[in-house]
Every structure is written in structure tokens, then in C-alpha cells.
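# Working through the structure, step by step
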Amino acid sequence: MEAATTALIMPQMNINNNSTPLRSEAKLTAARPNTYAISSPNGKRNHVARGLSMSPQVQDGVVGRTLCSARVSTYPTEIIESHSMTAEERIGVILLNLGGPDTLHDVQPFLFNLFADPDIIRLPRLFGFLQRPLAQLISTLRAPKSKEGYAAIGGGSPLRRITDEQANAIKLALQGKDVPANVYVAMRYWHPFTEEAVHQIKRDRITRLVVLPLYPQYSISTTGSSIRVLRDMFRNDEYLSGVPVAIIQSWYQREGYIKSMADLIEKELQTFPKPDEAMIFFSAHGVPVSYVENAGDPYRDQMEDCIFLIMQELKARGVPNDHTLAYQSRVGPVQWLKPYTDEVLVELGKQGIKSLLAVPVSFVSEHIETLEEIDMEYKELALESGIIHWGRVPALNCTSSFINDMADAVIEALPSAMEISPSAAAEEADDGLLSYVVKLLFGSILAFFLLLSPKVKSAFKN
Ligand SMILES: C=CC1=C(C)c2cc3[nH]c(cc4nc(cc5[nH]c(cc1n2)c(C)c5CCC(=O)O)C(CCC(=O)O)=C4C)c(C)c3C=C
Ligand SMILES: [Fe+2]
């Protein structure tokens, strides 16, 4: 397939972002020039310095780990010339998601994959060899608690089914907008794995690809991790390295998403005896504090912006309810983003709050943390703490306004697709098999003793 025929000028990061940030703007004042690429008809690129970028700290934490030197998308993409696609273009959309165990038997290997991810357990580079032994131990310790949770929601995660439904709905929405596309699901820790999706993309000879994470906000641990894996696959493959790719890094600020969330909240409030007295309780999946404070993860800022925008929309609709934000699902012995959901529930009970509407906000499908943690554990805790009326907003799943907005996001991103340049990052040193085995053995022994500590053990078990 010939490369695109029209010259285009775009940010090298090829991030699509549609609205100007609200509260993140302050951080951009410390901006430095960003690189824009000019693609010419023969596919060669020249680079010019232009525009704004995030602070160096964020760049170190995020840019180095993402496809095409991508920055977090808290500022607008500037497409200077529009780009026309050829008729033979075969468009692909790859949905990035976490994945979940299909059966209880899958729980421990799923957890192993999750904890073996260096974006989930961030060890200093020198201790990288401990990653897999640690993952083996932590997944074994965590599995009984996780299994209980998955058993309580029917014996497995609904994530694969819902993500497949979303993929199908986005495909139909794109078709309805005269943009025929194949939509692929790429899970990070369980089937269908990213490798499987990428294999299909090659098989289908896709010529232009949009990467759409199913996480509204960017975190190093979610979108960042999936993009890192994709980048490695693309830059090492002769065919894929020539496919223009557009990456949507985060989209929590999209009007369609904000309005869809506001619709769900408004509707659920009506189930309360006194809707205007219910507190709106946003509960986001947490990340360790060190991600935000040391590694430059924009997750907390984006989450706060997101809540601000949803509340702004609700106020404009005459829904002035009180609201609060807390973080759930912490794992392990480190500090996670605060305040913690369980502690806030107890505190709100003490303050005499009687009606609470829980709103899961970091994810767009039902999953274990909505169906078990919120609907069972937190509900019970809230009722014990004095809350009388409890409600929970459903996840967006296949809500048509949301799916329609995702299809629009794809269409808006298409023109900024560009080839993934080989990364300058140094490859891991290859020390040979013997060294690998010695490190693995040493790592396993060290990890074993580390995890014998009762405090560490119980932190992963609970
Ligand atoms: C935006 C969403 C998510 C962030 C950020 C995130 C970070 C993160 N998660 C763990 C550990 C676990 N997560 C687990 C399940 C899980 N996590 C998310 C989303 C985010 N995780 C989802 C949607 C799910 C559920 C998948 C499903 O099967 O339904 C689990 C397994 C379940 C359990 O045992 O609690 C673990 C473990 C870490 C350590 C982390 C950031 C570093
Ligand atoms: Fe998680």
C-alpha cells in the first residue's frame, strides 16, 4: 500500500485531543518546544520544533515509555494541513484494555501477568531480574482473595464479553459514519492478548491504525503500559513499522463522554427519595502515590479535571449536589492515592450523610471492582457506617452516546496517524543464558525471603 499522498504537518506525538484543558493549564507554563514532523508524499519525515509540551518530569515519566514519543494529551493537537486518505485505505482501530480471568482457574496466571508488568511493579532497573520471581510469589499470595471476588461475580471477569460488545458497537457506529473499519481488542494481561490483536492487524493488511485505550484517563500503569508493549511490537516489525498510527492517549475531557456520564448520574439520582440530597461519590481506581509524585503520572490531575468537568455539566443542568472523590482497590504495602474509598465512606457516615450515589470513574465497563468491591464490599461498609440510601451508577458499557463519541474520537484522530519511528532507547543488555538463569535463581530466593515478611504478605493478601 502506498503511503499517504498529501503532505501533512502534525505534532510528532500524533496524540489526538479535542479540547483545551481546564485545570492542567498551569503545568504547561513551564513548557519547552515540542517536535512536529512534516510528512512528505514519499513518506520521509522532517522535524521542526514547535508548540508546547509537558514538564520535563512528565516527559521522563511518560514520553520515554510511549509510542512515537507521545506526550500526555492535556493540550490540543494542531493539524496544520488536513490529510486525505486513499480509497484503498484499510482502517483499523485497536482497543486497549486490561483483560480479566475468564474462569477461576485463570486467576493466578492472570495475576502473574499483571504483576510481571514493569509498569505495575516498578523495580529499579538494577533489580529488573526480580520481576518474574516476585510476580510468581505475589500472584500466588493474592490469588485466594482475588478468586473469592471473581467467584462472587459469577466465576470470572465480564471484561472480555463487554469489550467485544463495545468493539462491535464502535465498528457499527463508524460504519454509520461512512468510515468502515476493523476494530480489534488488545488486552494487556489476559486473552485476547495484544499480540493476538496485532497478529490479526497484520493478517488483515491494515494500512492506517487508531489506538484507542478504554481508559478515559492516562496512567503509566494502564494506557502507558499497553502503549509500551505496542510500540515494541511495531518498531520491530517490517510491515507494522510502515503503518501510520494515531494514538489517543486520554479522552476524559471529550464532551460526549462527559455528557454520557452526566446522563447516567442524573438518571440514577432519580432513584433516591430526595435526589438533591444525595452526595455524588466518585470512586476511582487508585495508583501508588509514587507514580504521580516521582514518575510524573498525570492520572490524578486528569482524574480531578474529569470530575470537575462532569460536575460542571451537572451544574449546568441544574444538578447542584455535593460531591467527593476517593480512590479504591489498593494492593500491596506501599502508599496509594488518597483519600481511600473505604475510609471516606466511614467518615461520611460519621458526618451524618444519609444518601450516597457511587460513581465508578476510571473505567468504562463493569468489572470486578464495580460488581464486587463497590456493589458488595463498599455498599455493606456504607450501610454499616450510617448511610441509609445507597445507589451506584452503571458503567457506560455500550451506552449509545458514549459509543458514538468513541467513533468520533477515532475519526478525528485518523488524519494525524503517522509511522512509528524506531525508538532510540537502548535495548536490554543480553547477558546470555547462564547469566539469566543465575539472576533468576538469585531473584527467586531474594523475593521469597522478602515476601516472608508478615507485613508484606498480608498487604498482598488483602
Ligand atoms: C484505570 C484503571 C486502573 C488502574 C489505574 C489500575 C492500576 C493498578 N491495578 C493494580 C492491581 C490490580 N488490578 C486488578 C484488576 C483491575 N484493575 C483495573 C483497572 C485499573 N488498574 C480493572 C478494570 C481491573 C479488573 C479486571 C477484571 O477482571 O474485571 C487486580 C485483580 C483483581 C484483584 O485482585 O483485586 C489487581 C491485583 C495495580 C497494582 C495497579 C497500579 C500500579
Ligand atoms: Fe487494577
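Computed from a prediction, not measured in an experiment: that's the story for all the values here. For every chain, the first residue of the written sequence is number 1, and numbering continues from 1 onward in sequence order. For naming, the first written chain is A and the first written ligand is 1, with later ones following in the order written. Confidence filtering applies because this is a predicted model: local features only for residues at pLDDT of at least 70, side-chain atom pairs given and counted only at 80 or more, and all residues used for totals across whole chains, interfaces and linings. With hydrogens and water stripped out, all remaining heavy atoms of the structure feed into the side-chain values.

### Digging into the side chain of Ser-362
Here a strand is any run of E in DSSP of at least two residues, a helix any run of H or I of at least four, and the numbering for each starts at the N terminus. Mapping Ser-362 onto the fold places it in the loop between strand S10 (355-360) and helix H12 (368-384). Polar contacts involving the side chain of Ser-362 include one to the main-chain amide nitrogen of His-285, which spans 2.8 Å. Residues in contact with Ser-362, not counting those within four places in the same chain, are Tyr-215, Pro-216, Gln-217, Ala-284, His-285, Tyr-299 and Met-303. Pairing of N or O atoms within 3.5 Å defines a polar contact, subject to two protein rules: one partner must be a possible hydrogen donor and the other a possible acceptor, and residues neighboring in sequence count only if both atoms are side-chain atoms. Contacts are residue-level and defined by heavy atoms, with any inter-residue pair within 4.5 Å sufficient.

### Side note on the pairing of strand S11 (residues 389-392)
In regular strands, side chains alternate between the two faces of the sheet. Strands were regarded as paired on the criterion that DSSP finds at least two bridges between them. As defined by bridge partners, S10 adjoins S11 across four bridges and the pair is classed as parallel. Bridging across to S11, Leu-357 finds its partner in Gly-391. For the handedness criterion, the β-α-β arrangement of S10, H12 and S11 is classed as right-handed. Crossover handedness is defined here as right-handed if the route from the first strand over the helix to the second strand goes clockwise, with the strands pointing away from the viewer.

### Digging into the sheet that holds strand S4 (residues 91-97)
One open sheet holds the four strands; their spatial order is S5-S4-S6-S7, and the pairing between them is parallel. Because the sheet does not close on itself, it has two edges, and the strands there are strand S5 (181-187) and strand S7 (245-247). Each strand axis lies, on average, 20° off the axis of its neighbour in the sheet, ignoring direction. In this structure, strand S6 (residues 208-213) lies alongside S7, joined through three bridges in parallel fashion. Considered in S7, the bridge of Leu-209 is made with Val-245. Contacting S4, S5 and S6, helix H5 (residues 159-176) crosses the sheet at an angle of about 160° to S5. The convention used is that axes are lines fitted to C-alpha atoms, helices contributing only their stretch in contact, and that angles between N-to-C directions extend from 0 to 180 degrees. In the packing of helix H7 (residues 220-235) onto the sheet, contacts are made with S4, S6 and S7, and the angle to S4 comes to roughly 135°.

### Considering the nonpolar core
Here, nonpolar core means buried Ala, Val, Leu, Ile, Met, Phe, Trp, Tyr and Cys residues that are tied together by side-chain atoms lying within 4.5 Å of each other. Burial status follows relative accessibility: with a 1.4 Å probe on protein chains alone, a residue under 20% of its type maximum counts as buried, one over 50% as exposed, and anything between as partly exposed. Counting residues in each nonpolar core, the largest one holds 65 residues, and the members touching the most others are Leu-212, Tyr-257, Ile-265, Phe-282, Ile-310 and Val-361. Per element, the largest residue contribution to this core is eight residues, and it comes from helix H10 (residues 299-316). If we ignore the near neighbours within four places in the chain, the residues touching Leu-212 are Val-93, Ile-94, Leu-95, Leu-96, Ile-170, Ile-248, Trp-251, Met-406 and Val-410.

### As for the pattern of salt bridges
Within this document, salt bridges are pairs made up of a side-chain nitrogen of Lys or Arg and a carboxyl oxygen of Asp or Glu, the two lying within 4 Å of each other. According to the stated counting rule, one finds 22 salt bridges in the structure shown. In this structure, Arg-317 and Asp-263 form a salt bridge, with 2.7 Å as the shortest nitrogen-oxygen distance. Linking Arg-317 in the loop between H10 and strand S9 (323-328) with Asp-263 in helix H8 (residues 255-269), this pair joins segments that are 54 residues apart in sequence. The partly exposed category is assigned to Asp-263, whose relative accessible area is 37%.

### As for the site of ligand 1
In the region of ligand 1, 30 residues are neighbours, and Arg-142, Ser-146, Tyr-150, Ser-157 and Ile-368 sit closest. In the environment of ligand 1, an oxygen atom lies 2.5 Å from a nitrogen or oxygen atom belonging to the side chain of Tyr-150. The side chain of Ser-157 places a nitrogen or oxygen atom 3.0 Å from an oxygen atom of ligand 1. For ligand 1, the accessible surface in isolation is 800 Å², of which the surrounding protein chains cover 97%. Sorting the residues of the shell around ligand 1 by element identifies helix H3 (107-115), helix H4 (131-152), H7 and H12 as the ones contributing at least two each. At four residues, the largest contribution of residues to the shell around ligand 1 is made by H3. Basically, the charged four are Asp, Glu, Lys and Arg, the nonpolar ten are Ala, Val, Leu, Ile, Met, Phe, Trp, Tyr, Cys and Pro, and anything else, Gly included, counts as polar. Here the residues of the shell around ligand 1 are counted per class, giving 18 nonpolar, 10 polar and two charged. For this description, a residue counts as near a given molecule or strand if any of its non-hydrogen atoms is within 4 Å of it. Note on areas: these come from Shrake-Rupley sampling with a 1.4 Å probe, and a residue is covered only by the protein chains present in the view.

### Overview of the environment of His-367
Relative to the helices and strands, His-367 is located in the loop between S10 and H12. For the pair His-367 and Pro-244, spaced 123 residues apart in sequence, the C-alpha separation works out to 32 Å. If we ignore the near neighbours within four places in the chain, the residues touching His-367 are Pro-158 and Leu-159.

### Here we look at H4
For a helix, the expected span equals 1.5 Å multiplied by the residue count minus one. Spanning 22 residues, H4 covers 30 Å between terminal C-alpha atoms, matching the ideal 32 Å at 1.5 Å per step. Gln-131, Pro-133, Leu-134, Ala-135, Ile-138, Ser-139, Leu-141, Arg-142, Ala-143, Ser-146, Gly-149 and Tyr-150 are the residues of H4 that are buried. Once H4 finishes, Gly-154 follows within two positions and takes phi at roughly 105°, a positive value.

### Focus on the packing of aromatic side chains
Each aromatic ring pair is characterised by the separation of its centres together with the angle its planes make. Any pair of Phe, Tyr and Trp rings, taking the six-membered ring for Trp, is counted once the centres come within 6.5 Å. Such a pair is stacked with planes under 30 degrees apart, edge-to-face with planes over 60 apart, and tilted for the rest. Applying the stated criterion across every chain yields a total of four aromatic pairs. Ring geometry for Trp-190 against Phe-193: centres 6.0 Å apart, planes inclined by 70°, an arrangement best described as edge-to-face. With relative accessibility at 10%, the residue Trp-190 sits in the buried group. Centre to centre, the rings of Trp-251 and Tyr-257 are 5.2 Å apart; their planes meet at 90°, and the pair counts as edge-to-face. In this structure, Trp-251 and Tyr-257 share a single accessibility class: buried. Joined through ring pairs, the aromatic side chains of Trp-251, Tyr-257 and Phe-402 make up one cluster. Only when the NZ of Lys or the CZ of Arg is both within 6 Å of the ring centre and within 35 degrees of the ring normal is a charge said to sit over the ring. Across from the ring centre of Tyr-291, 5.4 Å away, lies the NZ or CZ of Arg-122, which sits over that ring. The aromatic ring of Tyr-239 is capped on one face by Arg-205, whose charged end is 4.1 Å from the ring centroid.

### Structural notes on the packing of H5 against helix H13 (residues 400-413)
Packing of H5 against H13 brings their axes to within 9 Å, and their N-to-C directions diverge by 65°. The handedness of the crossing between H5 and H13 comes out as right-handed. From H5, Gln-166, Ala-169, Ile-170, Ala-173 and Leu-174 reach across to H13, where they touch Phe-402, Ile-403, Met-406, Ala-407, Val-410 and Ile-411. For the contact of H5 with H13, the per-class residue count stands at 10 nonpolar, one polar and no charged. Should the near helix be turned anticlockwise from the far one by less than a right angle, the crossing is termed left-handed; should it be turned clockwise, right-handed.

### What about the state of the cysteines?
Criterion for a disulfide: a pair of cysteine sulfur atoms at a distance within 2.5 Å. Inspection of the entire model under this criterion finds zero disulfides. Of all cysteine sulfurs in the structure, the one in Cys-398 sits closest to Cys-306, which takes part in no disulfide; the separation is 19 Å. Under the relative-accessibility criterion, Cys-398 is labelled partly exposed at 32%.

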